[in-house]
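If you want the building blocks of each chain, they are given just below.
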Amino acid sequence: MSFNSLGLTALDETVYRDLLRGCETTAGDPDRLRAAMERLAALDLVQLDPDGRPVAVEPEIGISRLIRRRLLETCAEQRRISAAWETLHLLSTQHCEPDHTVTIERIDGSDRISERIWSLTLDAREVLAVQSERPRPRPNPERLSAYLQRLSEGVRWRTIISRKSVLDPVHMEFCLTLHRAGDLHRLVDDPPRQMVIVDRSVAFIRSTSEEGDQSALMICQVGVVATMVDLFERVWAQAADLEPRPTPGLTPRERQVLHLLSSSDKDEIAAREMGVSLRTYRRHVAELLDRLGAANRFQGALLAKRQGWL
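Just so we're clear, the structure is a prediction, and the values are computed from it rather than from any experiment.

Definitions and cut-offs
- Residues numbered from 1 in each chain as written.
- Predicted model: local features only at pLDDT ≥ 70, side-chain atom pairs only at ≥ 80, totals over all residues.
- Heavy atoms only, no water.
- Helix = DSSP H or I, 4+ residues; strand = E, 2+ residues; numbered from the N terminus.
- Buried < 20%, exposed > 50% of the residue type's maximum accessible area, 1.4 Å probe, protein only.
- Contact = heavy atoms within 4.5 Å.
- Areas by Shrake-Rupley, 256 points an atom, 1.4 Å probe, with all protein chains shown as cover.
- 1 Å grid on protein atoms, 1.4 Å probe; cavity = no way out; pocket = protein on both sides within 12 Å on 5 of 7 lines; lining within 4 Å.
- Points joined across faces, edges and corners; volume = space filled by probe spheres on them.
- Nonpolar A, V, L, I, M, F, W, Y, C, P; charged D, E, K, R; others polar.
- Axes fitted to C-alpha atoms, helices over the stretch in contact; angles between N-to-C directions.
- Left-handed = near helix turned anticlockwise from the far one by under 90°.
- Expected span 1.5 Å × (residues − 1).
- pLDDT = per-residue confidence, 0-100.
- Pairing = 2+ DSSP bridges.
- Parallel < 35°, antiparallel > 145°, perpendicular 65-115°, else oblique.

**Considering the overall build of the protein**
- Along the protein, the regular secondary structure elements total twelve helices and ten strands.
- With 310 residues in all, the protein has 38% of them scored as buried.
- Sequence separation of at least 24 residues holds for 67% of the intrachain contacts in the protein that already meet a minimum separation of 6.
- With the model as given, the accessible surface of the protein reaches about 18,800 Å², and the carbon-plus-sulfur share is 53%.

**Here we look at empty space enclosed by the protein**
- The final tally for this structure, using the stated rule, is one cavity of 30 Å³ or more.
- Volume-wise, the largest cavity comes out at about 40 Å³.
- Every residue along the wall of the largest cavity is listed here: Arg34, Leu260, Leu261, Ser264, Asp265, Asp267, Tyr281 and Arg297.
- A class-by-class count of the residues in the lining of the largest cavity yields three nonpolar, one polar and four charged.

**Structural notes on the packing of helix α9 (residues 252-263) against helix α10 (residues 267-274)**
- Running from amino to carboxyl end, α9 crosses α10 at an angle of 145°, the nearest separation of the two axes being 10 Å. Crossing of α9 over α10 shows right-handed handedness. On the side of α9, the interface is formed by Arg253, Gln256, Val257 and Leu260, while α10 contributes Ala270, Glu273 and Met274.
- For the contact of α9 with α10, a count of residues per class yields four nonpolar, one polar and two charged.

**What to know about helix α11 (residues 278-292)**
- Look at α11: 21 Å from first C-alpha to last across 15 residues, which is about the 21 Å you get at 1.5 Å a residue.
- Just downstream of α11 lies glycine 293, where phi reads positive at about 75°.

**A few points about the confidence of the model for the protein**
- Mean pLDDT over the protein stands at 79; residues scoring 70 or higher make up 82%.
- Every residue in residues 97-102 scores below 50 in pLDDT, and together they form one contact with partners more than four places removed in sequence or on other chains.

**Looking at the pairing of strand β4 (residues 126-130)**
- Counting buried residues along β4, five of its five residues qualify, which places the element largely inside the surrounding structure.
- Relative to strand β5 (residues 156-162), β4 is paired through five bridges, and the arrangement is parallel. Across the sheet, leucine 128 pairs through a bridge with arginine 158, a residue of β5.
- In this structure, β4 lies alongside strand β7 (residues 195-198), joined through four bridges in antiparallel fashion. Its bridge partner lying in β7, valine 130 is registered against methionine 195.

**A look at the packing of α10 against α11**
- Close contact between α10 and α11 brings their axes to 9 Å; oriented N to C, the two are set at 95°. Comparing their axes, α11 and α10 come out roughly perpendicular. Contact residues: Asp267, Glu268, Ala270, Ala271 and Met274 in α10; Leu278, Tyr281, Arg282 and His284 in α11.
- Residues that form the contact of α10 with α11 fall into these classes: five nonpolar, one polar and three charged.

**Section: the sheet that holds β4**
- Within the open sheet, the eight strands sit side by side as β3-β9-β8-β7-β4-β5-β6-β10. Their pairing is mixed. Two strands in the sheet have a free side with no partner beyond their single neighbour: β3 (104-108) and β10 (240-241).
- Pairing analysis gives four bridges linking β7 to strand β8 (residues 202-208), with the strands arranged antiparallel. Looking at the pairing, valine 196 lines up with phenylalanine 204 of β8.
- The sheet contacts of helix α5 (residues 110-121) involve β3, β4, β5, β7, β8 and β9 (214-219), and relative to β8 the element is tilted by about 160°.

**Let's talk about the side chain of histidine 284**
- Structurally, histidine 284 can be placed in helix α11.
- Ignoring sequence-local partners within four residues, the contact set of histidine 284 consists of Arg253, Val257 and Met274.

Structure, rendered in structure tokens:
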């Protein structure tokens, strides 16, 4: 039986089966083998033993987890396909009235705004949010439970909040709960306007009138949403972690190399981004791996993640 329906390539499966048998795998060239190891680690099918060697997670645990995840993704995909009827209606409208396509919609009322955002995040793969200075209201228990379930399924959720909002100890504890569940929070002194961006394709910008009335603009225009995503990423890069982890002894250069190792597919691209020659970049990588006590890049990534450096 092949596990390609679970997201494993033929090489991934070969490496995993070799590790299950306790064999040292030699399948593929070193770069492809390293990539396969990294994919298996990301899928929680490979872990490090006390000696720092990669070992396979038992199939009853690892493969069962993958099957459950795949079933959940399939259900979500079915919901997205069903939602295509709405897209069909929009396309029909655009075809008949090409000059009157609506890419911005105003939504009035806090409840209507929350309901519209929630309906989209139910099937989202990524959500980016910026909250105001005031502590946000907690969702009802049923919605909070569904939200935490989505986080456990692997939805990438990031939230920027104001430092002032967590001066309240109760709200700070609530944010920590969400942060530890997978909705990563970062702090800024002066957050930009409240917004929620769903799958980098739909954005909501909230506003409050002088009378206290809530409204939001739902924006689907590609260029505008891309600009908002860029704004979010810039603020996120400068923000502080809600629960920072120490990185003892890491120099700025080592942190940059570690980041490039985890984000760049090719050494040539990483070296260019770092502004050094390929040979110099690889020397920095070797020094960092030596610092970590890692025999290879795959082991180095796992050790860095274990220490909270990634």
